[in-house]
Amino acid sequence: MDHIVADLPSGPLDIYRKKASFNWKDMVIFIDGEEIYHFKQHVFKTLENDPVFARQPGEDILIEKKRELTFHRVKQLFRYNFVLKEEAMANPWKAVYLDDCLGMYDWSLSAKFFLSLGMFGSTVTSSGSSRHKKYVESIEDMTFYGCFALTELSHGSNTRAMRTMATYDPSTQEFVINSPDFEAAKFWVGNLGKTATHAVVFAQLYTPDNVCHGLHSFIVPVRDPKTLLALPGVLVGDIGMKLGQNGLDHGFAMFHNVRIPRENLLNKTGDITADGRYVTPFKDPNKRFGASLGALSGGRVTITRMALINMKLALTIAIRFSATRRQFGPKDTEEIPVLEYQLQQWRLIPYLAAAYALEHFTKSIFMNFVEFQIGQMLKDNSDRQAEMGREIHAIGCSSKPLGSWTAQRGIQECREACGGHGYLAMNRLGTLRDDNDPNCTYEGDNNVLLQQTSNYLLSWLNTKQQDGLKIESPFHTVDFLDDFKKILESRFTTTTMEECMNSAVPLAAYKWLVCFLLEESQKRLEEERASGRDEFEARNNSQVYYCRSLAVAYIEHDCLQRFHDLTVDGDTPAALRPVLRRLCALYGLWSLSNHMALLYQGGYWSGRVPADMVKRAITTLCSQLKDDAVALVDVLAPTDFILNSPIGCSDGQLYNNMWSTVMQASQVLERPSWWKEFCSDKPVVGSLRPKL
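Residues numbered from 1 in each chain as written. Predicted model: local features only at pLDDT ≥ 70, side-chain atom pairs only at ≥ 80, totals over all residues. Heavy atoms only, no water.

Before going further, it helps to spend a moment on the pairing of strand 6 (residues 212-221). Most of strand 6 is tucked away, with seven of its 10 residues classed as buried. In this structure, strand 5 (residues 198-206) lies alongside strand 6, joined through eight bridges in antiparallel fashion. Residue valine 201 lies in a different strand from strand 6, and its bridge partner there is phenylalanine 218. (Buried < 20%, exposed > 50% of the residue type's maximum accessible area, 1.4 Å probe, protein only. Helix = DSSP H or I, 4+ residues; strand = E, 2+ residues; numbered from the N terminus. Pairing = 2+ DSSP bridges.)

Pairing is antiparallel across the open sheet formed by three strands, whose spatial order is 4-8-7. Among the strands making up the open sheet, the edge pair consists of strand 4 (186-190) and strand 7 (234-238). If you compare each strand with its neighbour and ignore which way they point, the axes differ by 30° on average. As judged from the three bridges shared by strand 4 and strand 8 (residues 250-255), these two strands associate in the antiparallel manner. When the sheet's bridge partners are listed, valine 189 is paired in strand 8 with glycine 251. (Axes fitted to C-alpha atoms, helices over the stretch in contact; angles between N-to-C directions.)

Before going further, it helps to examine empty space enclosed by the protein. Scanning all chains against the criterion turns up three cavities of 30 Å³ or more. Taken as a whole, the largest cavity holds about 40 Å³ of empty space. Elements with a minimum of two residues in the lining of the largest cavity: helix 2 (24-32) and helix 23 (629-636). Partitioned by chemical class, the residues of the lining of the largest cavity number four nonpolar, no polar and four charged. (1 Å grid on protein atoms, 1.4 Å probe; cavity = no way out; pocket = protein on both sides within 12 Å on 5 of 7 lines; lining within 4 Å. Points joined across faces, edges and corners; volume = space filled by probe spheres on them. Nonpolar A, V, L, I, M, F, W, Y, C, P; charged D, E, K, R; others polar.)

According to the stated counting rule, one finds 37 salt bridges in the structure shown. The shortest N-O distance in the salt bridge between lysine 112 and aspartate 249 comes to 2.7 Å. Taken as a pair, lysine 112 in helix 7 (residues 107-127) and aspartate 249 in the loop between strand 7 and strand 8 lie far apart in primary sequence, 137 residues in all. For lysine 112, a relative accessible area of 1% puts it in the buried group. Linking lysine 523 and glutamate 520 is a salt bridge whose minimum nitrogen-to-oxygen distance equals 3.6 Å. Taken as a pair, lysine 523 and glutamate 520 lie in helix 17 (residues 504-530) at a separation of three residues, close to a single helical turn. Of the residues examined, glutamate 520 reaches a relative accessible area of 18% and is grouped as buried. Salt bridges sharing partners connect three or more residues here, namely Asp100, Arg305, Lys312, Glu359 and Lys363. (Salt bridge = Lys/Arg side-chain N within 4 Å of Asp/Glu carboxyl O.)

Right, let's talk about the layout of surface pockets for a bit. Considered as a void within the structure, the second largest pocket measures approximately 810 Å³ in volume. Lining the second largest pocket are 34 residues, with Gly58, Glu59, Lys66, Thr431 and Asp435 sitting closest to its centre. The class makeup of the residues in the lining of the second largest pocket is 11 nonpolar, 12 polar and 11 charged.

Let's shift gears to the environment of valine 43. Position of valine 43 relative to the elements: it lies in helix 3 (residues 34-49). With a relative accessible area of 0%, valine 43 lands in the buried category. Expressed as a C-alpha distance, the spacing of valine 43 and leucine 102, which sit 59 residues apart in the sequence, is 8.4 Å. Look past the residues within four positions of valine 43 in its chain and what remains in contact with it is Phe82, Leu98 and Cys101. (Contact = heavy atoms within 4.5 Å.)

Turning our attention to the nonpolar core. Counting residues in hydrophobic clusters, the biggest one holds 153 residues, and the most contacted among them are Leu47 and Tyr356. In terms of residue count, the dominant contributor to this core is helix 11 (residues 342-377) (16 residues). Setting aside anything within four residues of it in sequence, one finds leucine 47 in contact with Phe53, Leu77, Phe82, Leu102, Tyr105, Phe641 and Ile642. Membership of the second largest hydrophobic core comes to 25 residues, among which are Phe175, Leu192, Ala253 and Leu265. (Core = buried A, V, L, I, M, F, W, Y, C linked by side-chain atoms within 4.5 Å.)

This part is about the environment of isoleucine 374. Along the chain, isoleucine 374 turns up in helix 11. For isoleucine 374, a relative accessible area of 43% puts it in the partly exposed group. Sequence separation between isoleucine 374 and leucine 469 is 95 residues, and the spatial gap between their C-alpha atoms is 27 Å.

Time to look at the packing of helix 12 (residues 383-417) against helix 13 (residues 429-436). Across the interface, helix 12 lies against helix 13 with an axial gap of 10 Å and an inter-helix angle of 160°. Considering the angle they form, helix 12 stands roughly antiparallel to helix 13. The handedness of the crossing between helix 12 and helix 13 comes out as left-handed. Residues Ser404, Ala407, Gln408, Ile411, Gln412, Cys414 and Arg415 of helix 12 touch helix 13, and the partners they reach there are Leu429, Leu432, Arg433 and Asn436. (Parallel < 35°, antiparallel > 145°, perpendicular 65-115°, else oblique. Left-handed = near helix turned anticlockwise from the far one by under 90°.)

For helix 20 (residues 577-592), built from 16 residues, the straight-helix expectation of 22 Å at 1.5 Å per residue is met to within 8% by its first-to-last C-alpha distance of 22 Å. Most of helix 20 is tucked away, with 12 of its 16 residues classed as buried. Taken residue by residue, helix 20 has Val579, Leu580, Leu583, Cys584, Ala585, Leu586, Tyr587, Gly588, Leu589, Trp590, Ser591 and Leu592 as its buried positions. (Expected span 1.5 Å × (residues − 1).)

The element helix 23 is extensively covered by neighbouring structure, given that eight of its eight residues are classed as buried. Inspection of helix 23 places Ala629, Val630, Ala631, Leu632, Val633, Asp634, Val635 and Leu636 among the buried residues, and these make up the whole buried set.

Let's shift gears to the side chain of arginine 17. Along the polypeptide, arginine 17 turns up in helix 1 (residues 14-17). Take arginine 17: its relative accessible area is 18%, and that puts it in the buried class. The residues contacting arginine 17, other than those within four sequence positions of it, are Leu8, Pro9, Arg320, Val630, Asp634 and Ser650.

On to the packing of aromatic side chains, then. Each aromatic ring pair is summarised here by two numbers: the centre-to-centre distance and the angle between the ring planes. Evaluation of the coordinates by the stated rule reveals 19 aromatic pairs. Measuring from centroid to centroid gives 4.8 Å for tyrosine 351 and tryptophan 590, while their planes differ by 75°, and the two rings are edge-to-face. Of this pair, tyrosine 351 sits in helix 11 while tryptophan 590 is found in helix 20, placing the two residues 239 residues apart along the sequence. On the basis of relative accessible area, tyrosine 351 is assigned to the buried category, the value being 9%. Seen in terms of ring centroids, tyrosine 600 and tryptophan 605 are 5.4 Å apart; in terms of plane orientation they differ by 75°. Their pairing is edge-to-face. One aromatic cluster in this structure is built from Phe492, Trp512, Phe516, Tyr600, Tyr604 and Trp605. The ring of tyrosine 105 has arginine 55 sitting right over it, with the charged end atom 3.9 Å from the ring centre. (Phe/Tyr/Trp six-rings, centres within 6.5 Å; stacked < 30°, edge-to-face > 60°. Lys NZ or Arg CZ within 6 Å of the ring centre and 35° of its normal.)

For the rest of this paragraph, the subject is the side chain of threonine 70. Mapped onto the secondary structure, threonine 70 falls in helix 4 (residues 63-80). Of note is the side chain of threonine 70, whose polar atom sits 2.9 Å from the backbone oxygen of lysine 66. Excluding residues that lie within four positions of it along the chain, threonine 70 makes contacts with Asp106, Ser108, Leu109, Lys112 and Gly247. (Polar contact = N/O pair within 3.5 Å; in protein donor to acceptor, adjacent residues only side chain to side chain.)

Close contact between helix 17 and helix 19 (residues 543-568) brings their axes to 9 Å; oriented N to C, the two are set at 155°. With respect to helix 19, the element helix 17 is oriented roughly antiparallel. Viewed along their axes, helix 17 and helix 19 form a crossing whose handedness is left-handed. Residue-level contacts link Ala504, Pro506, Leu507, Tyr510, Lys511, Leu513, Val514, Leu517, Leu518, Glu520, Ser521 and Arg524 of helix 17 to Tyr545, Tyr546, Cys547, Ser549, Leu550, Ala553, Tyr554, Glu556, His557, Leu560, Gln561 and His564 of helix 19. In terms of residue class, the contact of helix 17 with helix 19 is built from 15 nonpolar, five polar and four charged.

Without other data, these values stay purely geometric and don't point to any function.
Have a look at this one:
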């Protein structure tokens, strides 16, 4: 019987595909499921068959034209309406996979589409009330175009310090929006540069008695939807060219006495009565502030997956290239694929293992976030719901660094592993690198976010030590810390390399590592406090080598734990378990190898045997997975049209594809327009040297 997953074209890659130890089509269905597989193929084929989405690899387009193309493509997405509201409610994965598919095509397109429909629309829905329904409806049919304006020129991570003001005027029942100076201009706002008509603006809310009630969100019109001209009192413009994603217009806005109706305050966390009294269901201002920024936790979880998508594309390109690129060999007459070299395997295959670990991890934490959101929608005020919020915040603040940094390093390794051909724009690795880069800084700089996670972990240890409470969380990411004293007494006892190649071994080491860093970070903080430093200084001086390392180890452990659980789950098909277990063991050992000094410093390892064993296990697993590598990227890869990389095509015709792309480029055989400058008016050598 024919498999529902279509065959890939036959060609040079068949050599490796026939060696695979598992059925790649079965892995596709295991990871995506039949419904999502068909949905992805539908999106891919629809874009490929629509001339609006036609493009050439490495095409060089002026920024203005690039934005126009992106906008036309966004309009087309509205016409296709790939995911109906009812479908998204029935299967939330469809919206996630639509973002995956559009991001694989072009992140500028995905961002421009979802920033309005998703970020603006969902923020208004979740932070507002029925009185804001008209704005959501106008966003859904593109009558209005939205953006999310939180960051300012002089403030990003420190959201509490935003300086835009919204002062209530009871005489007209309006808020007056003002930017105190240019440093308070809203900045880095996607869609605001050229196209947004309305913004969710975060501003400090002032009541008539001049009392500030903190940061709140407001719907502020910025452009006339009929002319796209700025509205009175609004200075709005484009911030300029970026390192990547230039199909998306990022902008700035300043406000001078811009008046909006009282009803434009998104009033879930706080509201103003007609006469100017502030009312809120939250007694604790910190909880109200946290609820008002709740969308950012979901955003960070999403960014983790966006980074993974970039790495999957890069790995597909680099591994298919490595399987078909032949250089050197044991005999002068026979060259072998560069994938056969241990060094190439060691450079790429651990990132392939990381991609599979992150594939499961990003889905798993998304489901955690959905569970939390359902509780919020149902107005669950239980302690468990509050604890869920704290935990998903800690996960999101560390998963984003894990995903974006892994992808950043992985894409660069893929670029270099493809040699000079990886540097050609047509092969897309440079674009992937540049488009991934903002994942490291937007919605929170990675290093700053990790402090939120370490604070969460330290609070659990303090609670246990002071109140004797059991360490147990809704998503179980910290449960093992309840036995931290016993875990700290454990040591590495593996005696053979075969034993070491079981993911349970790095998992146990990670548990010890997190406990060790938790204890060390607490000690460091106490030393800083004892030396007379205040809490701000004490925490600031405890980040490097302590709290930062703690947060990184925590999230690497959680990612590994979830992948390990998948490999031993009875529902995981038996035929797929062996390759998944090798991938899991490799990911665990490879990640752990970055912490060798700490494992020795704390006494978990001693002597040369553990390090030697782990290194040999890593290279052995890379070698074992080498014949599976092409099939493993076939599972992750989109169609060739979406991948848009001649050296990454599924037919493996590396040189044919590259040569035809080179020859199809514009003006490739023509002399330059300035050829006369070359042929005449030769320079007089030294004529511009000073004669002194």
